[in-house]
Each structure stands twice: as C-alpha cells, then as structure tokens.
Amino acid sequence: MSLSAVAETPLEPDADEAREWAVRELSRPEYDAATPTPIDRMARAVGEFLAGLFSGDAPVGWDLTALVVIAVVLVLVVAGAFLIWGMPRSV
C-alpha cells in the first residue's frame, strides 16, 4: 500500500463501521486479561460487605452486637481457612 493510499483512507467511519471497529478492537486477547475472575468478584463483594459493616449504615433492626458477632465469625472462618489450606502461594 502506498503512502498516498494511506493518506486517502477515511478516518471518520460511519456508525456501523465504528461499531465494527470497536467490536474488533475489544475482542483482542489483551482485553480478556482485564476481565475480573470469579475470585476477583467474590473478593470485591466481601470487601464491600465488610466496608458496609463498619460504615455505620447498619440495616434497620440490626444492633451493634449482631454486627460484631458477624465480623468475629467472618474472621474465624478466614483464620480457619488459613489453618486448613495454608497461606496462598505467590505467583
């Protein structure tokens, strides 16, 4: 392809062509690496849950004792998981 042919290529696609370019670009393998894994989504949900416990926005009818008990149980579950399966391996 000559330089003049490249210069004449339109760089303003219509809507359908732009959509096709975007689909083709986003289907490239490098973008798959950015997709959160199920473990990433679970870790984020747990983090948001814990942040919600200590934000002071407790659901109606829950007192502080119930929230503390839930937090302690969660910590014990995580500690038990470490005792059973050990520390995660580094990659």
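Residues numbered from 1 in each chain as written. Predicted model: local features only at pLDDT ≥ 70, side-chain atom pairs only at ≥ 80, totals over all residues. Heavy atoms only, no water.

**So, the pattern of salt bridges**
Then, in step 1: Taken as a whole, this structure holds 4 salt bridges when the rule is applied.
Then, in step 2: Between Glu20 and Arg24 there is a salt bridge, and its shortest N-O distance comes to 2.9 Å. In this pair, Glu20 and Arg24 both sit in helix H2 (residues 15–26), 4 residues apart, roughly one turn of the helix.
Then, in step 3: Among the ionic pairs, Arg28 bridges to Glu30, the shortest N-O distance being 2.6 Å.
Then, in step 4: On the basis of relative accessibility, which here comes to 38%, the residue Arg28 falls in the partly exposed class.
Then, in step 5: In the salt-bridge network here, residues are joined through shared partners; they are Glu25, Arg28 and Glu30. (Salt bridge = Lys/Arg side-chain N within 4 Å of Asp/Glu carboxyl O. Helix = DSSP H or I, 4+ residues; strand = E, 2+ residues; numbered from the N terminus. Buried < 20%, exposed > 50% of the residue type's maximum accessible area, 1.4 Å probe, protein only.)

**Here's the deal with the environment of Val68**
Then, in step 1: Tracing the backbone shows Val68 in helix H5 (residues 64–85).
Then, in step 2: You can call Val68 partly exposed: its relative accessible area is 44%.
Then, in step 3: On a C-alpha basis, the gap between Val68 and Phe54 in space is 9.4 Å, while along the polypeptide they are 14 residues apart.

**Section: the confidence of the model for the protein**
Then, in step 1: Averaged over every residue, the pLDDT of the protein is 80; the share at 70 or more is 78%.
Then, in step 2: Mean pLDDT across the secondary structure elements of the protein bottoms out at helix H1 (residues 3–7), with 58, and peaks at H2, with 92. (pLDDT = per-residue confidence, 0-100.)

**Looking at the packing of helix H4 (residues 38–53) against H5**
Then, in step 1: Contact pair H4 / H5: the axes reach a minimum separation of 11 Å and the direction vectors enclose 145°. Note on packing geometry: the crossing formed by H4 with H5 is left-handed. Touching Phe49, Leu50 and Leu53 of H4 are Leu67, Ile70, Ala71 and Leu74, all from H5.
Then, in step 2: Split into classes, the residues belonging to the contact of H4 with H5 amount to 7 nonpolar, no polar and no charged. (Axes fitted to C-alpha atoms, helices over the stretch in contact; angles between N-to-C directions. Left-handed = near helix turned anticlockwise from the far one by under 90°. Contact = heavy atoms within 4.5 Å. Nonpolar A, V, L, I, M, F, W, Y, C, P; charged D, E, K, R; others polar.)

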